[in-house]
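Chains, contacts and geometry: an overview
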Amino acid sequence: MSKIRVYELAKMLGKSNKELLDLLIDLGVDVKSHMSSIDNEIAQLVEDALSSGSSGGGQKTKKEEQKVTKTETFEVSKGSTVKAVAQLLGTTPAEAVKCLISAGMMVPADSAVDERCLEVLGEAYGAVLTLACGEDEQEGEATTCAVIKRKVFTGEHLEGRPPIVTVMGHVDHGKTTLLDFIRKTNITAREAGGITQHIGASIVMHEGRKIVFLDTPGHEAFTAMRARGAQATDVAVLVVAADDGVMPQTREAINHAKAAGVPIVVAINKVDKPAAKPDRVRQQLSDVGLAPEEWGGTTIMVEVSAKSGQGIPQLLEMILLVSEMEELQADPTVRPEGVVVEAKLDKGKGPVATVLVQQGSLCKGDIVLFDTAWGKIRAMIDAEGNPIDCAGPSTPVEILGLTAVPQPGEVFKAVENERAARDALSTKEQEVRNAQQGGPRKLTLEELYSQLKEGDIPQLNLLLKCDVQGSSEALAASLEKLATNEVGINIVHRGVGRIAESDVMLASASNAVIIGFNVRPDANAKKVAEAEGVQIRLYDIIYDAIDDVKAALEGMLKPTIRENTLGQAEIRQIIRVPKAGNIAGSYVLEGIIRRNAKARLIRNGIVLWDGSLANLRRFKDDAREVAAGYECGISLSNFQDFEEGDIVEAYEIIEEKRHLS
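Residues numbered from 1 in each chain as written. Predicted model: local features only at pLDDT ≥ 70, side-chain atom pairs only at ≥ 80, totals over all residues. Heavy atoms only, no water.

**Description of the overall build of the protein chain**
The condition that has to hold: A run of H or I in DSSP becomes a helix once it reaches four residues, and a run of E becomes a strand once it reaches two; helices and strands are each numbered from the N terminus. When a residue's accessible area, from a 1.4 Å probe over protein chains only, is under 20% of the maximum for its type it is buried; when over 50% it is exposed; and in between it is partly exposed. A contact between two residues is defined here by any heavy atoms of the two lying within 4.5 Å. For the area figures, the Shrake-Rupley method with a 1.4 Å probe applies, and any residue is considered shielded solely by the protein chains shown.
Of regular secondary structure, the protein chain possesses 18 helices and 32 strands. Across the 661 residues that make up the protein chain, the buried fraction comes to 50%. Long-range contacts, defined here as pairs at least 24 residues apart, represent 71% of the contacts in the protein chain between residues at least 6 apart. For the protein chain, the computed accessible surface area is about 31,600 Å², with 48% contributed by carbon and sulfur atoms.

Spelled out as structure tokens, the structure:
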């Protein structure tokens, strides 16, 4: 059956995309399955409804109708708590628990949900909740399913805001070319509005509506923001070359987008090439969990050519459609807050930061607080390079007047005065120092032991990089079998090739340990791993990797300490040696006295000193050890206040491996 595009039908009927989507919802159509195109049968249904006036007066109001017919569908990851699902549904954990109790289910807020819990909550809040797998069964990749945790802005004056878009994909698949064409098109067509690259972000006008493109595409920057708790992207555009297909970085980009919980629009690029096979790309994407809308899935895929411009208007239309479904809103009247896109130190201007305002209106003269800096805004520059006084939600601006250069991904908010900013920054710095003194920020294999000791049930997140696909699959399968009811294994990503900076940032965001098999990290990856506190374990024997992870899961990497007594000697004479100090002339009563062993000095049954032997001599010669029944000379480290009759007890510390019960 032939199909028609949503935006085309909206134009034919003289409606906006939003109005048409609302009408489809009123008619009971699953809009998520018909995001970009609808059957002629549904189009006829819409026309009949409009002509009969069924959506007009005398009917329920739109809000009342939506309460009855609008059903949202959410995927909930395995292991998600009642609290997380409550946030997803826009309710409080207490209300969700009450709902479950009324259904006869005594489930606390911090407990994991099962299918029955999701069914009860879904019915209560008019949503379809499905329990997603922890891993996609796909060729070459394992991904983490997660509950979408998008920051929801509140306020009394909420209004729609432009979508913020990040372009991702494999190298040489046309990300930069696509952005350049969109910029060029919009600059040439003056009625569409201006666009610039001055401040690391581009504002595009399409049919009178704004779209903000971040000019720092790629999963490194994308995940760096998520790793620091920021969510700056509303839509991820995944660029896949039609002549090349799904590549390792394509899978990586999908994992990053899924981990951040943002909707994905696929741009199948280079469709004008003779070797282009867009259907093969759809099949490959379907295999990795992105089912095309045309094949009954929910992922919008648009065929484009970044060189000729084919499909670009349709791509922009789909971005706007997806953003409408996300119902992006913000309140421009509240206290401003947002996220840093990029920052630098300019010789003439000092610290300069490009920020994205997410909520409220940022104005010249405001005092803003970041995680590592603060400042009073002396000047603001918009996307066109012009000085401005205020910037509303979803507006990228360059600001001057900071005390230091913040890191990309840091969040900011406006504070009342300079004193509040200084005090808050001082408190944050102290918290960072305390955290650094307390140990590494990221989980290491050894730290699993301490978690087990405290009674926690840890989940070990792993990121696998191997030399070939076969090794990746074999290692992943072997590691997953190690999970027990006391500790879990979660492979957040696996791929082939060297360990790159993007792998480290994903591991940082997921609190994962990187396992490398027959691969090595590049220089940048090493630096970022050190800065982020991410542990990288390298192996060339697969069983060594399995044994190490198994040892970590069993708490074996931090051994049990046991003391083993070697022997005792009685001090019978104190020998004073010039320059060397006192030597204890001793007789070994039992066992052996070994040089460099640990030792303690006992007087009348009381331990006066504990340390180590400095030297052990037999007559004038150094001795490695002296057995019972022999005399020897003993000197102790940093202690000479011994007396005749004191007992020197030699012992050693033995490390014993520990097993989980």
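**A few points about the pattern of salt bridges**
Selection criterion: A side-chain nitrogen of Lys or Arg and a carboxyl oxygen of Asp or Glu constitute a salt bridge if their distance falls within 4 Å.
By the definition in use, this model includes 24 salt bridges. The partner of E570 in a salt bridge is R572, and the shortest N-O contact between them spans 3.7 Å. When its relative accessible area of 45% is taken as the criterion, R572 is described as partly exposed. The salt bridge partner of R594 is E625, with a shortest N-O separation of 3.5 Å. Here R594, found in strand 26 (residues 581-594), pairs with E625, found in strand 30 (residues 625-627); they are 31 residues apart in sequence, far enough to count as distant. Relative accessible area serves as the criterion here: at 27%, R594 is assigned to the partly exposed category. Ionic contacts of the salt-bridge type, sharing partners, join the residues D279, R282, E294 and E303 into one network.

**Some remarks on the side chain of D382**
Here is the rule we go by: Residues adjacent in sequence count toward polar contacts only when both atoms are side-chain atoms; beyond that, a polar contact is any pair of N or O atoms within 3.5 Å, and within protein one must be able to donate a hydrogen and the other to accept it.
Relative to the assigned elements, D382 resides in the loop between strand 17 (374-381) and strand 18 (390-391). At a separation of 2.8 Å, a polar atom in the side chain of D382 contacts the main-chain amide nitrogen of N386.

**Focus on the sheet that holds strand 21 (residues 459-466)**
We apply this condition: In this description, strands pair whenever DSSP reports at least two bridges between them. Angles here are taken between N-to-C directions and fall from 0 to 180 degrees, while the axes themselves are lines fitted to C-alpha atoms, restricted in helices to the stretch in contact.
A sheet is described by the order of its strands in space; here 4 strands give the open sequence 22-21-23-24, paired in parallel fashion. Only two strands of the sheet have a single neighbouring strand rather than two, namely strand 22 (488-496) and strand 24 (536-539). Recorded for the sheet is a direction-independent mean angle of 25° between the axes of neighbouring strands. When strand 21 meets strand 23 (residues 512-517), the two strands line up parallel, connected through 6 bridges. Of the residues in strand 23, the one forming a bridge with N461 is A512. Packed onto the sheet, helix 18 (residues 542-553) meets strand 21, strand 22, strand 23 and strand 24 and runs at close to 140° relative to strand 24.

**A short note on the environment of G311**
In this structure, G311 sits in the loop between strand 11 (300-303) and helix 12 (312-326). Separated by 40 residues in sequence, G311 and V271 place their C-alpha atoms 9.7 Å apart. Beyond its immediate chain neighbours, meaning those up to four positions away, G311 contacts V302, E303 and V304.

**Looking at helix 18**
The condition is simple: Multiplying 1.5 Å by the residue count of a helix minus one yields the expected span of that helix.
Across its 12 residues, helix 18 extends 17 Å between first and last C-alpha, which sits within 8% of the 16 Å expected from 1.5 Å per residue. Of all the positions in helix 18, only I542, A545, I546, V549, A551, A552 and L553 are classed as buried.

**As for the confidence of the model for the protein chain**
Here is the rule we go by: The score called pLDDT rates the predictor's confidence residue by residue, from a low of 0 to a high of 100.
This prediction gives the protein chain a mean pLDDT of 77; 76% of its residues lie at or above 70. Note on residues 185-199: pLDDT is under 50 here. Beyond four places in sequence and across chains, it has 32 contacts.

**Describing the sheet that holds strand 20 (residues 411-415)**
Pairing in this closed barrel of 6 strands is antiparallel, and the strands run 13-14-19-17-16-20 around the ring. Strand-to-strand twist of the sheet, defined as the mean angle between neighbouring strand axes without regard to direction, takes the value 50°.

**A look at the environment of A483**
Note that A483 resides in the loop between helix 15 (469-480) and strand 22. When its relative accessible area of 35% is taken as the criterion, A483 is described as partly exposed. The spacing of A483 and L553 is 70 residues in sequence and 8.0 Å in space, taken between C-alpha atoms.

**With respect to the side chain of S394**
As for its placement among the helices and strands, S394 is situated in the loop between strand 18 and strand 19 (395-402). Overall, the relative accessible area of 3% leaves S394 in the buried class. Among the polar contacts made by the side chain of S394, one reaches the main-chain carbonyl oxygen of P162 at a distance of 2.8 Å. Ignoring sequence-local partners within four residues, the contact set of S394 consists of R161, P162, I164, V212, L356, V357 and Q358.

**Observations regarding the pairing of strand 24**
Of the two faces of strand 24, the one lined by R537 and Y539 is fully buried and the one lined by I536 and L538 carries no buried residue. Bridging between strand 23 and strand 24 involves 4 bridges; their strand directions are parallel. Each bridged residue has a counterpart across the sheet, and for I514 the counterpart in strand 24 is I536.

**Focus on the nonpolar core**
Keep this limit in mind: Buried Ala, Val, Leu, Ile, Met, Phe, Trp, Tyr and Cys residues form a nonpolar core when they are joined through side-chain atoms within 4.5 Å.
Of all hydrophobic cores here, the largest spans 26 residues; its most connected members are L178, F213, L315, L316 and I319. Looking at this core, the elements with two or more residues in it are strand 6 (164-169), helix 8 (175-188), strand 8 (209-214), strand 9 (235-241), strand 10 (264-269), strand 11 and helix 12. The biggest single contributor to this core is helix 12, with 8 residues. The residues contacting L178, other than those within four sequence positions of it, are V239, A267, V304, A306, I312 and L315.

**What to know about the packing of aromatic side chains**
For clarity, the threshold we go by: Stacked, tilted and edge-to-face are the three classes applied to pairs of Phe, Tyr and Trp rings, where Trp contributes its six-membered ring and a pair requires centres within 6.5 Å; stacked means planes under 30 degrees apart, edge-to-face means over 60, and tilted covers the rest. Whether a charge sits over a ring depends on NZ of Lys or CZ of Arg being within 6 Å of the ring centre and within 35 degrees of the ring normal.
Following the criterion strictly, the structure yields 3 aromatic pairs and no others. Here the aromatic rings of F370 and F412 are separated by 5.6 Å at their centres, their planes lie at 45°, and the arrangement is tilted. Here F370, found in the loop between strand 16 (367-369) and strand 17, pairs with F412, found in strand 20; they are 42 residues apart in sequence, far enough to count as distant. Seen in terms of ring centroids, F639 and F642 are 6.5 Å apart; in terms of plane orientation they differ by 50°. Their pairing is tilted. Here F639 matches F642 in class, with each residue buried. What links up through ring pairs into an aromatic cluster is the set W609, F639 and F642. Taking the ring centre of Y651 as reference, the NZ or CZ of R600 above it sits at 4.1 Å.

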